[in-house]
Amino acid sequence: MIIIHGEDIVSARNRLNELIAAAGEKGLGVKRLTAKDLDLTTATQVLEATTLFGETPLIVIEGLFSLVKSKNKDSLLEFISRYQDRDLLLFEDKAIGPSALKPFVKAKPEEYKPAAIIFSFLDSLRPGGAAKSLKLLEDLESARQPAELTFAMLVRQVRLLIQALEPSSLKMAPWQKTRLVSQARIFGEAKLLKLHNDLYHIDKNIKTGANPLDLSLQLMALIANL
């Protein structure tokens, strides 16, 4: 079992795809599952299944640790932890804490972390602060951080800032909460909602090819207009 996780979702996803491709080259079947659609019965059927040739396929489960706390989640975690010697990939698009990983002592965790500068960039964002943020954005490019990762982290930050307008909705360390609440108040609701809408349109343009500019240039234009 390999557990792939971390906030550098681009590198994490690339690693997942690399392992899936390697399994395909070996002639192994691959079964991909989304944890939110999984229950104990389905998990049992999948994990006990074999191919026509008696081989066990590579099982990929996404979002297991991100499930909302429930009896089903607890049952799935306990059951799947019994299969740590299998060709099993657990994938999370966020970092998993040590306590959550504790039952998976035989698994191989692989955490993918973004460069520290990306957090300086996210913390720098504020109306009228474009110059500093643009410099940090350039530094991110110099550090060869993928624009896709910067975009994903920016979307996440803006969503957290919108949540921070009502601090009680945030579940995190006090120091993180304090910083987000302060930054959210500097923006205000109207500007945060506009920024969220601008990010939505960039995402839509990327997927439809509606904007000829590459993502890096779109991000620079967005930050320049803060």
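Up top is the structure.
Positions within a chain are numbered from 1, following the residues in the order the chain's sequence is written. Side-chain atom pairs in this predicted model are given and counted only at pLDDT of 80 or more, local residue features only at pLDDT of at least 70, and totals for whole chains, interfaces and linings cover all residues. The basis for every side-chain value is the complete set of heavy atoms in the structure, and neither hydrogens nor water enter the calculation.

## Focus on the nonpolar core
Residues F121, L125, F151, L154, L199 and L219 are the most contacted members of the largest nonpolar core, which totals 31 residues. Looking at this core, the elements with two or more residues in it are α5 (117-124), α6 (130-142), α7 (147-164), α8 (174-187), α9 (189-208) and α10 (215-224). Any pair of residues with heavy atoms lying within 4.5 Å of one another is described as a contacting pair. If near-sequence neighbours (up to four positions away) are discounted, L154 is found in contact with L122, L125, L199, L219, L222 and I223. In plain words, nonpolar cores are sets of buried Ala, Val, Leu, Ile, Met, Phe, Trp, Tyr and Cys residues tied together by side-chain atoms within 4.5 Å. Exposure categories follow from relative accessible area, calculated using a 1.4 Å probe and restricted to protein chains: below 20% of the type maximum is buried, above 50% is exposed, and the middle band is partly exposed. In this structure, I59, L77, I80 and L88 belong to the second largest nonpolar core, which totals 24 residues. Labels follow the DSSP assignment, with helices taken as runs of H or I lasting at least four residues and strands as runs of E lasting at least two, numbered in each case from the N terminus.

## Quick word on the environment of L76
Positionally, L76 belongs in helix α3 (residues 71-80). Using a relative accessible area of 0% as the deciding quantity, one classes L76 as buried. For the pair formed by L76 and T42, sequence separation is 34 residues and the distance between their alpha carbons is 10 Å. Those residues in contact with L76, other than ones at most four positions away along the chain, are L38, D39, L40, A43, L64 and L67.

## Considerations on the packing of aromatic side chains
Describing an aromatic ring pair means giving the distance of the ring centres and the angle of the ring planes. Each Phe, Tyr or Trp ring (for Trp, its six-membered ring) is paired with any other whose centre lies within 6.5 Å, and the angle between the two planes then decides the class: stacked below 30 degrees, edge-to-face above 60, tilted in between. The full count for this structure, using the stated rule, is two aromatic pairs. Note on F65 and F104: the rings are 5.5 Å apart at their centroids and 65° apart in plane angle, and the pair reads as edge-to-face. Here F65, found in the loop between β3 (58-62) and α3, pairs with F104, found in the loop between α4 (98-101) and β5 (108-111); they are 39 residues apart in sequence, far enough to count as distant. The pair F65 / F104 is uniform in exposure class, with both members buried. Pairing F79 with Y83 gives two aromatic rings, centres 5.2 Å apart and planes at 55°, and the pair type is tilted.

## Here we look at the pattern of salt bridges
Close approach of charged atoms allows side chains with opposite charge to pair. Think of a salt bridge as a Lys or Arg side-chain nitrogen and an Asp or Glu carboxyl oxygen that are within 4 Å of each other. Per the counting criterion, the structure on display carries twelve salt bridges. In this structure, the salt-bridge partner of R32 is E62, at a minimum N-O distance of 3.0 Å. Separated by 30 residues along the polypeptide, R32 in strand β2 (residues 30-34) and E62 in strand β3 bring together distant segments of the chain. Residue class for R32 comes out partly exposed when judged on its relative accessible area of 43%. For the salt bridge of D85 with K106, the shortest nitrogen-to-oxygen distance reads 3.9 Å. Here K106 lies in the loop between α4 and β5 and D85 lies in the loop between α3 and β4 (88-91), a separation of 21 residues in the sequence. By relative accessible area, which is 59% here, K106 ends up exposed. Several salt bridges converge on common partners, so that one network encompasses R15, E18, K108 and E110.

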